[in-house]
Structure formats: structure tokens, C-alpha cells
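Observations on chain architecture
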Amino acid sequence: MADGWSRDGAVQDQIDDTVNDAVRGARARMPAGEGLEYCEECGETIPPRRREALPGVRTCVACQGQRDKTIAYSRINRRGSKDSQLR
């Protein structure tokens, strides 16, 4: 479907790269290693079952819930290049 300067399938390749970047970024943000016994933000005890379920956990459920509400924006903008290929 791509016309002009791009090869066929180039738009799909960019979509796949965007998804793969998001997956790699999510995996990089996952906790790893030794978990904490006390939340690094509020100091409350992290329940043993949470530490068993999530190795490397560093926050209690309440603090993690607050972190999850924060909007995270991607630093990679591929939209411009996709639009230019579709014209």
C-alpha cells in the first residue's frame, strides 16, 4: 500500500517497531532482584505475599496505585514519519 519513497510494508514495520519498543520499555521498568521489606515511598511494611508474587517489589499496593495513575508519555515519535509515507 505504501507509495512513493517507501517500500511495501514499511508502515507495518513502523507499527511493529512501536509495539516492540513499548514492550521492551515495560519490561525494563519491571522490578527485578531483591525486593524490599518496607515501601521505599511511605515506609509501610510490604506484605510477604506481595513480595513473593512480585520479586523485586519496592512499593506497597497504595503507593504503586498512585504511581500507576501517573501518565507516562513515550519519548519516541514515529507519527510524523508514518504520516509522510501515507501522503
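Residues numbered from 1 in each chain as written. Predicted model: local features only at pLDDT ≥ 70, side-chain atom pairs only at ≥ 80, totals over all residues. Heavy atoms only, no water.

**A closer look at the overall build of the chain**
Counting secondary structure elements, the chain contains 4 helices and 0 strands. Order of helices (α) and strands (β) in the chain, N terminus to C terminus: α-α-α-α. Taken across its 87 residues, the chain has 15% of its residues classed as buried. Counting only contacts in the chain whose residues sit at least 6 apart along the sequence, the fraction spanning at least 24 positions is 35%. (Helix = DSSP H or I, 4+ residues; strand = E, 2+ residues; numbered from the N terminus. Buried < 20%, exposed > 50% of the residue type's maximum accessible area, 1.4 Å probe, protein only. Contact = heavy atoms within 4.5 Å.)

**What to know about the nonpolar core**
One finds Cys 39, Ile 46, Val 57, Cys 60 and Cys 63 forming the largest nonpolar core, which totals 5 residues. Each residue touching Cys 60, except ones within four places of it in the same chain, is listed here: Cys 39, Cys 42, Ile 46 and Arg 50. (Core = buried A, V, L, I, M, F, W, Y, C linked by side-chain atoms within 4.5 Å.)

**Topic: the environment of Arg 67**
By secondary structure assignment, the location of Arg 67 is in helix H3 (residues 61-69). Among the residues examined, Arg 67 registers a relative accessible area of 38% and is labelled partly exposed. With near-sequence residues (within four places) excluded, Arg 67 lies in contact with Glu 40, Glu 41 and Thr 59.

**Description of the side chain of Arg 50**
Its place among the elements puts Arg 50 in helix H2 (residues 48-53). Only 3.0 Å separates the side chain of Arg 50 from the backbone oxygen of Thr 59, close enough to count as a polar contact. Contact partners of Arg 50, with chain neighbours within four places excluded, come to Val 57, Thr 59, Cys 60, Val 61 and Gln 64. (Polar contact = N/O pair within 3.5 Å; in protein donor to acceptor, adjacent residues only side chain to side chain.)

**Some details on the pattern of salt bridges**
Proximity of charged atoms lets side chains of opposite charge pair with each other. On inspection of all chains with the given rule, the structure shows 4 salt bridges. Arg 24 is the partner of Asp 21 in a salt bridge, and the nearest nitrogen-oxygen pair spans 2.9 Å. Taken as a pair, Asp 21 and Arg 24 lie in helix H1 (residues 10-29) at a separation of 3 residues, close to a single helical turn. For Arg 24, a relative accessible area of 53% translates into the label exposed. Through salt bridges with shared partners, one network takes in Glu 40, Glu 41, Arg 58 and Arg 67. (Salt bridge = Lys/Arg side-chain N within 4 Å of Asp/Glu carboxyl O.)

Without other data, these values stay purely geometric and don't point to any function.
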